[in-house]
Structure formats: structure tokens, C-alpha cells
Amino acid sequence: MYAIIRNGGKQYRVAEGDRVRLERIAGEVGDEVSLEDVLLVGHPDSIQVGTPSLNDVRVTGTIVEQGKDRKITVFKFKRRKMYRRKQGHRQRFTEVEIGPIRIAGESTDQE
């Protein structure tokens, strides 16, 4: 079973056991998190699509790492005007190991 979740304006396809780098989520390493903005759930024989999201589906996970991504350089330049601005940025992220995908009303004995 897999799910499509939304976090930070981006969509991710996740399954149980995957590790995903999401935008910063508050919490410590080892904490349980619940990702509730689930757009689609794929079963072996069917697909559930939300409009826009599914209310009865929760994807749970465990925080594995909190950190900063590599540095990118933002450089603004206007020719012939001596306008130059250089700035660096490091995006913060949370790495989550995906746990079970829970659907309300179904037993947890699938697959």
C-alpha cells in the first residue's frame, strides 16, 4: 500500500518503511508524527482519491533526523548599474521514516 502526501507545497509518494526528507516539522529525533494531508491511497487492487484530501486516512512516521540542507547561493545582478547582492540559504528539513498507513474502519492486518 502507498500514499501521496502533501507537505510544504510539495507532494511525496510514500510507502511503509520509506525515508523522506520533508520541510521542517517541530519535534525531536525519535518522536512520532502524523501526516494528515493525504491526497491519495493506493491499495493492491484499488485507489482512493481525495477531493482534495482524504479525511479518514493518517500516515504515521518517526523523526529520524533534523538538519539543514546544503547551501545555495542567491545572486542578484543588474548590468551597468553596479547592483550586486549575494546571499546564501540553507533550507531546514526533517527526515521521517514512514510507518503504517492507517485507514479508519479497516483492520491493521493488511499485507
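Heads up: these notes are all about the structure in this document. As the structure is a computational prediction, the values presented were derived from the model and not from experiment.

Considering the environment of Glu97
Right, so step 1: Assignment of secondary structure puts Glu97 in strand 10 (residues 92–103).
Right, so step 2: A relative accessible area of 32% means that Glu97 is categorised as partly exposed.
Right, so step 3: Spatially, the C-alpha atoms of Glu97 and Arg24 are 14 Å apart, while their sequence positions differ by 73 residues.

Here's the deal with the side chain of Asn7
Right, so step 1: Of note, Asn7 is situated in strand 1 (residues 2–7).
Right, so step 2: When residues no more than four places from it in sequence are discounted, the contact partners of Asn7 are Tyr12, Leu22, Glu23 and Ile25.

Focus: the sheet that holds strand 3 (residues 19–23)
Right, so step 1: Taking strand neighbours across the sheet as the criterion, the 4 strands line up as 3-10-7-4 in an open arrangement whose pairing is antiparallel. The sheet terminates laterally at strand 3 and strand 4 (32–35), the two strands that pair on one side only. Between one strand and the next, the sheet's axes are offset by a mean angle of 45°, whatever the strand orientation.
Right, so step 2: For strand 7 (residues 57–68) and strand 10, the ladder comprises 10 bridges, and the chain directions are antiparallel. Bridge assignment links Gly61 to a residue of strand 10, and that residue is Ile98.

Conventions used here
- Residues numbered from 1 in each chain as written.
- Predicted model: local features only at pLDDT ≥ 70, side-chain atom pairs only at ≥ 80, totals over all residues.
- Heavy atoms only, no water.
- Helix = DSSP H or I, 4+ residues; strand = E, 2+ residues; numbered from the N terminus.
- Buried < 20%, exposed > 50% of the residue type's maximum accessible area, 1.4 Å probe, protein only.
- Contact = heavy atoms within 4.5 Å.
- Pairing = 2+ DSSP bridges.
- Axes fitted to C-alpha atoms, helices over the stretch in contact; angles between N-to-C directions.

Shape descriptors only; they carry no functional weight alone.
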